[in-house]
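Summary of the model geometry
If you want the building blocks of each chain, they are given just below.
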Amino acid sequence: MRKIIIDCDPGIDDSLALMLALSSPELDIMGITTVSGNVPADMGARNARKVLKHMGRMDIPVYIGEQVPLKCPYIDAMDTHGQDGMGESFLPEVPGDFPKKSAVEFLEETLEKEKISIIALGPMTNLAKIFSMRPKLIEQVEELVSMGGNFRSHGNCSPVAEYNYWCDPDAAAICYDLFGKAGKKIEMVGLDVTRKIVLTPNILEYVCRLDPENGGFIRRITGFYMDFHWEYEKIIGCVINDPLAVAYYIDRSLCGGFDSYTAVATDGICRGQTVVDSMDFWKKEPNSHVLTETDTERFMRFFFSRVLKKKDGSEWEAEELTLLSCL
Ligand code: RIB
Ligand code: CA
């Protein structure tokens, strides 16, 4: 069991990532922390609870994180994720108060006690806060896998920037700088690989027939997202970024990439751009492992063989999901 904290902004694809993490026996999820990104941190926490309830894992604590970016005005992505952050599925709220302890306090307390990994699926505001205050705690981070950034792929919220790093560019810049200074590399699961992970209507139809309950939940929260993708990118389907970060944390062979020094632009027209020094102009030690390759079909088999259940509650084997090779 690998101890992790998932820092996220659920968010439709964050919710799918949580479903995968909760279906993965290798992971000991110490807690979920939310941050303002797709939706405000408190709405993200309520949405994380909706996923936990669906998955029968209300035992996992959810801590509410930073409400606004370090410096930039907060701009959400509700146009993409809906007014409820869950594709306007308006799933029933899960009653119960959240811990008074903040996400940053939970991160600090956990890292003081033990070494863990962090899977970051939203803006890195919480992480920049804790590591700016306590940079030595970076030594307690076994792996930081961040869905964010882009190398050669164009941006998704500006010509050059990916949303998580655009929403709070100062936080991303601080994390890449501090991890580099600590001699560590952030695993950058950027748009170069996540754009290859497209949930199509055919795949959705197939998985709903295999597992109406979990397939139906996925359908409820992705319909709005599919409409958004058609309207703005003329894609039939939706790019599900975040689950790839979880899958890659579990099985590194799912993606390929290279080590590089990366800096994040914090203002101006390139705000949020990850400047990947792939040709080593600056002669700086690598602070990132930049992913550029993935196998879409292998990911889909990995994801659905864990998230989908048979009528008897057992999992589907990746090899049984035969139609995924042609959908
Ligand atoms: O740019 C995509 C990322 O921004 C995903 O994590 C999505 O959930 C949003 O947070
Ligand atoms: Ca996210």
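Above this text you will find the structure in question.
Summarised in this report is the structure supplied together with it. (Residues numbered from 1 in each chain as written. Chains lettered and ligands numbered in written order. Predicted model: local features only at pLDDT ≥ 70, side-chain atom pairs only at ≥ 80, totals over all residues. Heavy atoms only, no water.)

The subject of this paragraph is the sheet that holds strand 12 (residues 288-294). One key point about sheets: their strands pair by backbone hydrogen bonds, in either a parallel or an antiparallel sense. A sheet is described by the order of its strands in space; here 8 strands give the open sequence 3-2-1-4-5-6-12-9, paired in mixed fashion. Bordering the open sheet on either side are strand 3 (62-64) and strand 9 (255-260), each of which pairs with just one other strand. Neighbour-to-neighbour, the strand axes of the sheet open up by a mean angle of 25 degrees, direction not taken into account. When strand 2 (residues 27-34) meets strand 3, the two strands line up parallel, connected through 3 bridges. Looking across to strand 3, one finds that threonine 33 is bridged to tyrosine 63. Strands strand 5 (141-147), strand 6 (186-189) and strand 12 of the sheet are contacted by helix 7 (residues 169-181), whose axis makes an angle of about 140 degrees with strand 6. (Pairing = 2+ DSSP bridges. Helix = DSSP H or I, 4+ residues; strand = E, 2+ residues; numbered from the N terminus. Axes fitted to C-alpha atoms, helices over the stretch in contact; angles between N-to-C directions. Contact = heavy atoms within 4.5 Å.)

Turning our attention to the packing of helix 11 (residues 242-250) against helix 12 (residues 296-307). Two elements in contact, helix 11 and helix 12, have axes whose closest approach is 11 Å; the angle formed by their N-to-C orientations is 90 degrees. Here helix 11 lies roughly perpendicular to helix 12, going by the angle between them. Here Pro243, Leu244, Ala247 and Ile250 of helix 11 lie close against helix 12, whose contacting residues are Phe299, Phe302, Phe303 and Arg306. Residue composition of the contact of helix 11 with helix 12, grouped by class: 7 nonpolar, no polar and 1 charged. (Parallel < 35°, antiparallel > 145°, perpendicular 65-115°, else oblique. Nonpolar A, V, L, I, M, F, W, Y, C, P; charged D, E, K, R; others polar.)

Moving on, we come to the coordination of the calcium ion (ligand 2). Protein coordination at the calcium ion (ligand 2): the donors are Asp9 (OD), Asp14 (OD), Asp14 (OD), Leu121 (O) and Asp242 (OD), at 2.2 to 2.6 Å from the metal. In primary sequence terms, the donor set of the calcium ion (ligand 2) follows D-x4-D-x106-L-x120-D. With leucine 121 in the loop between strand 4 (116-120) and helix 5 (125-133) and aspartate 242 in helix 11, the pair connects residues that are 121 residues apart, well separated along the chain. Taken as a pair, leucine 121 and aspartate 242 share a single burial class, namely buried. (Donors = N, O, S within 2.8 Å, 3.2 Å for Na, K, Ca; no water. Buried < 20%, exposed > 50% of the residue type's maximum accessible area, 1.4 Å probe, protein only.)

As a further point, take the pairing of strand 1 (residues 2-8). Within strand 1, 5 of the 7 residues are buried, leaving the element largely enclosed by the surrounding structure. Taking the sense of rotation as the criterion, the β-α-β connection linking strand 1, helix 1 (residues 12-22) and strand 2 turns out right-handed. In terms of strand pairing, strand 1 meets strand 4 through 4 bridges, oriented parallel. Residue pairing across strands places isoleucine 5 opposite isoleucine 118, the latter belonging to strand 4. (Right-handed = clockwise from strand over helix to strand, strands pointing away.)

Now for helix 7. Between its first and last C-alpha atoms helix 7 spans 18 Å; for 13 residues at 1.5 Å apiece the expected length is 18 Å, and the two agree. Along helix 7, the residues that are buried comprise Pro169, Asp170, Ala171, Ala172, Ala173, Cys175, Tyr176, Leu178 and Phe179. If you follow the buried residues of helix 7, they end up packed against helix 5, strand 5, helix 6 (163-167), strand 6, strand 10 (262-264) and strand 12. Of the residues flanking the end of helix 7, it is glycine 183, one or two places downstream, whose phi is positive at about 75 degrees. (Expected span 1.5 Å × (residues − 1).)

What follows is about helix 10 (residues 212-233). Of all the bends in helix 10, the greatest measures close to 45 degrees and is centred on threonine 222. Lysine 234 sits one or two positions beyond helix 10 and adopts a positive phi of about 50 degrees. (Bend = angle between axes of the 7 residues up to and from the residue.)

Tallied over the full model, the rule gives 9 aromatic pairs. Summarising the aromatic geometry, the rings of tyrosine 165 and tyrosine 176 are spaced 5.7 Å apart at their centres and angled 75 degrees between planes, so their arrangement reads as edge-to-face. Here tyrosine 165, found in helix 6, pairs with tyrosine 176, found in helix 7; they are 11 residues apart in sequence, far enough to count as distant. Across the pair, tyrosine 176 and tyrosine 165 agree in class, each one buried. Here the aromatic rings of phenylalanine 303 and phenylalanine 304 are separated by 4.9 Å at their centres, their planes lie at 85 degrees, and the arrangement is edge-to-face. When its relative accessible area of 1% is taken as the criterion, phenylalanine 304 is described as buried. Taken together, the ring pairs in this structure connect Phe299, Phe303 and Phe304 into an aromatic cluster. Between the NZ or CZ atom of arginine 2 and the centre of the ring of tyrosine 249, over which it lies, the distance is 3.9 Å. The aromatic ring of tryptophan 230 is capped on one face by lysine 234, whose charged end is 4.8 Å from the ring centroid. (Phe/Tyr/Trp six-rings, centres within 6.5 Å; stacked < 30°, edge-to-face > 60°. Lys NZ or Arg CZ within 6 Å of the ring centre and 35° of its normal.)

Okay, the packing of helix 9 (residues 201-210) against helix 10 next. Where helix 9 contacts helix 10, the two axes come as close as 7 Å, and the packing angle between them is 155 degrees. As summarised for this structure, helix 9 and helix 10 are arranged roughly antiparallel, according to the angle between their axes. The element helix 9 and its partner helix 10 pack so that their crossing is left-handed. Residues Pro201, Leu204, Glu205, Val207, Cys208, Arg209 and Leu210 of helix 9 touch helix 10, and the partners they reach there are Pro212, Gly215, Gly216, Ile218, Arg219, Thr222 and Met226. For the contact of helix 9 with helix 10, a count of residues per class yields 8 nonpolar, 3 polar and 3 charged. (Left-handed = near helix turned anticlockwise from the far one by under 90°.)

Another point: the side chain of glutamine 140. With respect to the secondary-structure elements, glutamine 140 resides in the loop between helix 5 and strand 5. Among the polar contacts listed, one links the side chain of glutamine 140 to the backbone oxygen of leucine 111, at a separation of 2.8 Å. Residue contacts for glutamine 140: discarding those within four places in its chain leaves Leu111, Glu112, Lys113, Glu114, Lys115 and Ile116. (Polar contact = N/O pair within 3.5 Å; in protein donor to acceptor, adjacent residues only side chain to side chain.)

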